[in-house]
Amino acid sequence: MRATCWEGAKHIKVEDVPDPKILNDGDAVLRITSTAICGSDLHLFNGFMPTMEHGDVLGHEFMGEVVEVGKKVKKLKAGDRVVVPFPIACGQCWSCKNDLWSLCENSNPNAWIAEKMLGHTPAGVFGYSHMLGGFAGGQAEYARVPFADVGPLKVPTDLSDEKVLFLSDIFPTGYMAAEMCGIKKGDTVAVWGCGPVGQFAIASARLLGAETVIAIDRIPYRLRIAREGAAADITINYEETNVLEALKELTGGRGPDACIDAVGLEAHAPGLQGYYDRAKQSMRLESDRIPALRQAIMACRNGGTVSIVGVYSGFDDKFPLGSLMNRSLTIRTGQCHVHKYMKPLLQHIQNGDIDPSFIITHRIKLEDAAAGYDIFNHKEDECLKVVLQP
Amino acid sequence: MGIELHHETATGNGTTSSVGKRTELRTRRGVETTVKDVPRHYSETHGHEKNALVQSLGWFSIGLGLTEFFAPRAVARLSGLDEEDYEGLLRAYGLRELIAGAAILSRPRPTYWMWNRVLGDAIDLATLARARHSANDRGRLATATAAVLAVTALDIACSVDYARHKTPSVDQHTSRDEESYKSPEMVDGTQILSAITTINKPVAEVYAFWKNPQNYPRFMENLDSIKITGNNQAHWKIKAPVGLSVEWDATVINDVPNEVIEWRSLDGGEIHNTGSVRFRSISGDRTEVELTSQIKPKGGPLGAKIAKVFSAVPKTQLSNDLRRFKQLIEVGEIIKSDASAVTGMHPARPPRRSEMEATQ
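Residues numbered from 1 in each chain as written. Chains lettered and ligands numbered in written order. Predicted model: local features only at pLDDT ≥ 70, side-chain atom pairs only at ≥ 80, totals over all residues. Heavy atoms only, no water.

Enquirer: Can you lay out the overall build of chain B for me, pointing to particular residues and giving the numbers?
Expert: From N to C terminus, chain B includes 14 helices and 8 strands. Here chain B holds 360 residues, and 41% of them are scored as buried. Looking at chain B as shown, the accessible area adds up to about 19,800 Å², and 57% of this sits on carbon and sulfur atoms. (Helix = DSSP H or I, 4+ residues; strand = E, 2+ residues; numbered from the N terminus. Buried < 20%, exposed > 50% of the residue type's maximum accessible area, 1.4 Å probe, protein only. Areas by Shrake-Rupley, 256 points an atom, 1.4 Å probe, with all protein chains shown as cover.)

Here you go:
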């Protein structure tokens, strides 16, 4: 089959690889009908995620039709149309039973590597490094899905791929970001980053009843989509406006009740801070560039919540712990527990509360995946989300 | 003074609850004779006076280093070396001496840096020996060589002395805290490995699964075979590196249902092994399982040294085995990824059928 492979930093190639087979009795094999490039795939593309190997198949946002199931699979059969959550979860361990699906204790065969780097291991993830399992991803014609009775969600035939595909990651991730804010009536929520996850965080903050949602980015078309597509009340371009000052002005000097970081480890910053972080990251003196997170912490109102869903990988510098501690802030974070959110969010889609396809800007063939990564990475051609069709 | 105070607080005012916890932990691990030893790297930072000779060698390094670094030509002239050729090299040696000297004077136990001095001496001697043919003044070269040899002798004497007195004596002035929990390491050449996990199943189920040796090959990756040879006895064959294997007979010496199983190897095997698996029921009908294994390879202290160097590998193996044990009970099978389904390095892409067959 054809599959999108990582061949080193900034080098993506669609290659011939063997077709996936059933490896465990609980597996299913899907024929992929739609798959997408995630913002977090760009961290792999740019070479910032450790434990990648040449030839790794990428992709953790995908859906398709079941073509084969393992002998222990009961709920799925060939022909079923399903969306697959990006964390791989067994459904039996304590974490799964407690709705902490992205922390499944049994799905990472390379748990010992993750333990060395992170202390304890999170769940395995499709197409996202060997530290997180070494599972082939779904930017391909076919994919093998472990624990097929646990993760994949059957979707109604009357909903198009584009409406349900993002249940695999970014819609639940954005939703969890907003949910972690504990939004109350009258709250103001500020969202750093108007990429796909940021857009869903904005839309979800709306769904969860935030009174004012403020979106922060530097790319005009993304700020426009935040206003028009995700319904942000106010947008701030941080290259033109002092964000901390602006947020104070907009909130009577208090700061937003909750701040969402939907940016992650490749954050940009104007001026000296930006150069400082770039230099340190390129010399591997820090794993992540965190100016967005720094600003989110500094901006948050006393006693407020900072919700982090942007991806971070390692050990970082100039983290404003003093601000966090002295001002009683709460940090909430995590890889999304997608399994927990898929059904309720599907319900929202069916009710017509939201149509997640508003973020799609590019629909291209799987064969052209390399160009898709390039356009998305450089934010060319007003690119916000690339969907690949095998 | 501060250290003594800390010592008093730790032993004198230990609360009942902390003592209770400590005792429980030790009994559960069953290695109470071994956990008492403070891991060496903790002790190294306390006490143990550096003797005067070590101090003076440190200062000697500083002096020599300064001279070599700032006046390399003078040093070359004095040693009978060519000034032009050796200026840069001597400056580098000077830097080396400065670093070694500073480390010897500032570190509480500069064992490594003392050996570093010996290495430096060897480099100096080699330099002087190479200069034999091109020397400007053979007399000065010979004097310099003799001087370096004398210092080398002192350095070796000091380093050996340090190595010999490596284990610090029990000293009232060290801040030893007998009440705190400490991880077992290696005692008298015996490698103590342990791994612990929590399984989301009731203790009876977990214990029963362990009781059945048929299950062992499913989660012990390096188990070649296990044969039941009698009541509570089994013959173990474990795969070792480079295609070798290790075999021994073991017998169960203690078996308390839902609590503990302990075993020990019988004489005549290739290694001496004792081990235990302990089960503890915790809230939510879960079970903590702790696997401990003490291995003493035959082959005396050298075998033990080698074992220690590689102990990181067996420790990871032990915890990976325990992780698979947990998976078998919770999920019923060991989950494979595209990379882990075949042996060796393999990208995260579906394996070929031939690769799969090679693995089985």
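Enquirer: So, the overall build of chain A: which residues are in play, and what are the values?
Expert: Of regular secondary structure, chain A possesses 13 helices and 18 strands. For chain A, buried positions account for 61% of its 390 residues. A sequence separation of at least 24 residues applies to 72% of the contacts in chain A between residues at least 6 apart. (Contact = heavy atoms within 4.5 Å.)

Enquirer: Residues and numbers for the side chain of Thr251 of chain B, please.
Expert: Residue and element names in this part refer to chain B. If you trace the backbone, Thr251 turns up in strand β5 (residues 245-256). One polar contact links the side chain of Thr251 to the main-chain carbonyl oxygen of Asn232, over a distance of 3.3 Å. What Thr251 contacts, discounting residues up to four positions off in sequence, is Asn232, Gln233, Glu262, Trp263, Arg264 and Leu266. (Polar contact = N/O pair within 3.5 Å; in protein donor to acceptor, adjacent residues only side chain to side chain.)

Enquirer: Tell me about empty space enclosed by the protein, and please be specific about residues and values.
Expert: In total, this model carries 2 cavities of 30 Å³ or more according to the counting rule given. In this structure, the largest cavity occupies an estimated 50 Å³ of space. Broken down by class, the residue content of the lining of the largest cavity amounts to 10 nonpolar, 2 polar and no charged. (1 Å grid on protein atoms, 1.4 Å probe; cavity = no way out; pocket = protein on both sides within 12 Å on 5 of 7 lines; lining within 4 Å. Points joined across faces, edges and corners; volume = space filled by probe spheres on them. Nonpolar A, V, L, I, M, F, W, Y, C, P; charged D, E, K, R; others polar.)

Enquirer: Account for the interface of chain A and chain B, with residues named and values stated.
Expert: Residue-level contacts link 37 residues of chain A with 30 residues of chain B. The contact between chain A and chain B buries some 2,700 Å² in all, and 55% of this surface belongs to carbon and sulfur atoms. Among the residues chain A hides against chain B, the three largest losses belong to Lys21, Leu23 and Asn106 of chain A. Together they make up 21% of the total. At the boundary of chain A with chain B, the tally comes to 2 salt bridges. Put simply, Arg323 of chain B and Glu115 of chain A hold a salt bridge, and the shortest N to O gap is 2.9 Å. (Buried area = accessible area lost by both parts, 1.4 Å probe. Salt bridge = Lys/Arg side-chain N within 4 Å of Asp/Glu carboxyl O.)

Enquirer: I'd like to hear about the sheet that holds strand β2 (residues 12-16) of chain A, residue by residue, with values.
Expert: All names here are of chain A. Pairing in this open sheet of 3 strands is antiparallel, and the strands run β2-β1-β4 from one edge to the other. The open sheet has two edge strands with one neighbour each: β2 and β4 (56-57). With 5 bridges connecting them, strand β1 (residues 2-6) and β2 associate as antiparallel partners. Along β2, the bridge assignment pairs Trp6 with Ile12. (Pairing = 2+ DSSP bridges.)

Enquirer: So what's going on with the pairing of strand β12 (residues 212-217) of chain A? Which residues, and what values?
Expert: All names here are of chain A. In terms of burial, β12 is a largely internal element, 5 of the 6 residues being buried. Where strand β11 (residues 188-192) lies against β12, 5 bridges are found, and the strand directions are parallel. Counterpart to Thr188 in the pairing with β12 is Thr212. In the classification by handedness, the crossover that spans β11, the intervening helix α6 (residues 196-207) and the parallel β12 is right-handed. This β-α-β element, β12 to helix α7 (residues 220-228) to strand β13 (residues 234-237), shows right-handed connectivity. (Right-handed = clockwise from strand over helix to strand, strands pointing away.)

Enquirer: Please give an account of the packing of aromatic side chains that cites residues and values.
Expert: The geometry of an aromatic ring pair is captured by the separation of the ring centres together with the interplanar angle, meaning the angle of the planes. Residues and elements named next belong to chain B. Tallied over the entire structure, the rule returns 16 aromatic pairs over all chains. Aromatic pair Trp210 and Phe219: ring centres 5.5 Å apart, planes at 50°, arrangement tilted. By relative accessible area, which is 3% here, Trp210 ends up buried. One residue, Arg91, lies across the ring of Phe69, its end atom 5.9 Å from the ring centre. Over the face of the ring belonging to Tyr93 we find Arg96, whose NZ or CZ atom lies 4.9 Å from the ring centre. (Phe/Tyr/Trp six-rings, centres within 6.5 Å; stacked < 30°, edge-to-face > 60°. Lys NZ or Arg CZ within 6 Å of the ring centre and 35° of its normal.)

Enquirer: So what's going on with the environment of Val206 of chain B? Which residues, and what values?
Expert: Residue and element names in this part refer to chain B. Mapping Val206 onto the fold places it in helix α10 (residues 203-211). Residue class for Val206 comes out buried when judged on its relative accessible area of 0%. With 81 residues separating them along the chain, Val206 and Thr287 place their C-alpha atoms 7.4 Å apart. Leaving out residues up to four positions away in the same chain, Val206 has contacts with Ile199, Lys201, Phe279, Thr287, Val289, Phe325 and Ile329.

Enquirer: If you had to explain the side chain of Asp317 of chain A to someone new, which residues and values would you point to?
Expert: Residues and elements named next belong to chain A. Looking at the secondary structure, you find Asp317 in the loop between β15 (305-308) and α11 (321-326). Within polar-contact distance, the side chain of Asp317 engages the side chain of Lys280 at 2.6 Å. Non-local contacts of Asp317, meaning those with residues more than four positions away in its chain, are made with Tyr276, Lys280, Glu286, Ile290 and Arg294.

Enquirer: How would you sum up the pairing of strand β18 (residues 386-389) of chain A? Please name residues and give values.
Expert: Where a strand is regular, its side chains alternate between the two sheet faces. All names here are of chain A. Both strand β3 (residues 28-37) and β18 contribute to a ladder of 3 bridges, which runs antiparallel. Each residue of the ladder has a partner; that of Thr35, found in β18, is Leu388. Of the pairings in the sheet, the one linking strand β17 (residues 362-365) to β18 comprises 4 bridges and is parallel in character. For Lys365, the partnering residue across the bridge sits in β18 and is Gln389. Taken together, β17, helix α13 (residues 369-378) and β18 form a β-α-β motif whose crossover is right-handed.

Enquirer: Explain the environment of Glu105 of chain A to me, using residue names and the numbers behind them.
Expert: All names here are of chain A. Structurally, the position occupied by Glu105 is in the loop between α2 (94-97) and α3 (111-118). Residue Glu105 is classed as partly exposed on the basis of its relative accessible area of 24%. Here Ser95 takes part through its side chain, which lies 2.8 Å from a polar atom of the side chain of Glu105.

Read these as spatial facts, not as claims about activity.
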